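The primary structure of each chain is shown beneath.
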Amino acid sequence: MSATVKVTECFEADCRYCNPAPREIDGIPRRIRVDHFSAGENAIRAAVQVVEGMGASKALTDAVSLLTQAQSRVADHVEGIIAETKVERMR
């Protein structure tokens with residue numbers, strides 16, 4: 001017989017689920033404010049800029065789309081949003 005323990009309090013100061021970033025800052029969504037991006041969001045933004053600078057093709061457009069989806073999922077994590085959505089796979 002095993003018991004299930006539910007954690008009701010986290011003791012980590014930087015836990016994003018216990019201490020999420022605000023979703024809005026001065027009425028503007030945090031995820032579109034570059035000055036409030038997390039390190040992960042900034043890294044993905046930099047990758048998007050590099051890929052966009054490589055030229056134009058369907059493959060690069062797909063790459064930018066996937067990176068943008070990844071940035072949105074990182075923002076969900078930072079804001080403490082637990083989403084059930086899955087990232088669509090490109091073929």
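In this numbering scheme, every chain counts its residues from 1 along its sequence in written order. Per-residue local features are limited, in this predicted model, to residues with pLDDT of at least 70; the limit for side-chain atom pairs, both in listing and counting, is 80 or more; totals at the level of whole chains, interfaces and linings are taken over all residues. Note that water and hydrogens are dropped before the side-chain values are worked out from all heavy atoms of the structure.

**Student:** Any chance you could explain the nonpolar core here in plain terms?
**Tutor:** Generally speaking, nonpolar side chains in soluble globular proteins are found buried as a group. Put simply, a nonpolar core is a bunch of buried Ala, Val, Leu, Ile, Met, Phe, Trp, Tyr and Cys residues held in one set by side-chain atoms that sit within 4.5 Å of each other. Buried residues are those whose accessible area, probed at 1.4 Å on protein chains only, stays under 20% of the maximum for their type, while exposed residues exceed 50% and partly exposed ones sit between those limits. Counting residues in hydrophobic clusters, the biggest one holds five residues: I44, V48, V51, L60 and V64. Per-element accounting of this core gives the leading share, three residues, to helix α1 (residues 39–52). What makes two residues a contact is simply this: any of their non-hydrogen atoms within 4.5 Å. Those residues in contact with V51, other than ones at most four positions away along the chain, are L60, A63, V64 and L67. Strands are runs of DSSP state E lasting at least two residues, helices are runs of H or I lasting at least four, and both sets are numbered from the N terminus onward.

**Student:** I tried to follow α1 on my own but got confused; where do I start?
**Tutor:** Since one α-helical turn is 3.6 residues long, residues separated by three or four positions face the same way. Between the first and last C-alpha of α1 there are 20 Å, a value that for 14 residues agrees with the 20 Å anticipated at 1.5 Å per step. Along α1, the residues that are buried comprise E41, I44, V48 and V51. All buried residues of α1 fall inside an arc of 85° around its axis, so they share one side. In α1, the exposed positions that point more than 90 degrees away from the buried face belong to A39 and V50. As for α1, its buried residues are in contact with α2 (58–78). One fewer than the residue count of a helix, multiplied by 1.5 Å, yields its expected span. Arc definition: directions from the helix axis to the C-beta atoms.

**Student:** How should the environment of E41 be read in this particular structure?
**Tutor:** Here E41 shows up in helix α1. Separated by 29 residues in sequence, E41 and A70 have C-alpha atoms that sit 8.7 Å apart. When near neighbours in sequence (up to four residues on either side) are disregarded, E41 contacts R30, H36, Q71, V74, A75 and V78.

**Student:** Can you walk me through α2 in this structure?
**Tutor:** Taking 1.5 Å per residue, 21 residues should reach 30 Å; α2 reaches 30 Å between its end C-alpha atoms and fits that length. Every buried residue belonging to α2 is among L60, D62, V64, Q71, A75, D76 and V78, and all of these are buried. Tucked into the core, α2 has its buried residues touching α1. Remark: G80 follows α2 within two positions and exhibits a positive phi of approximately 75°.

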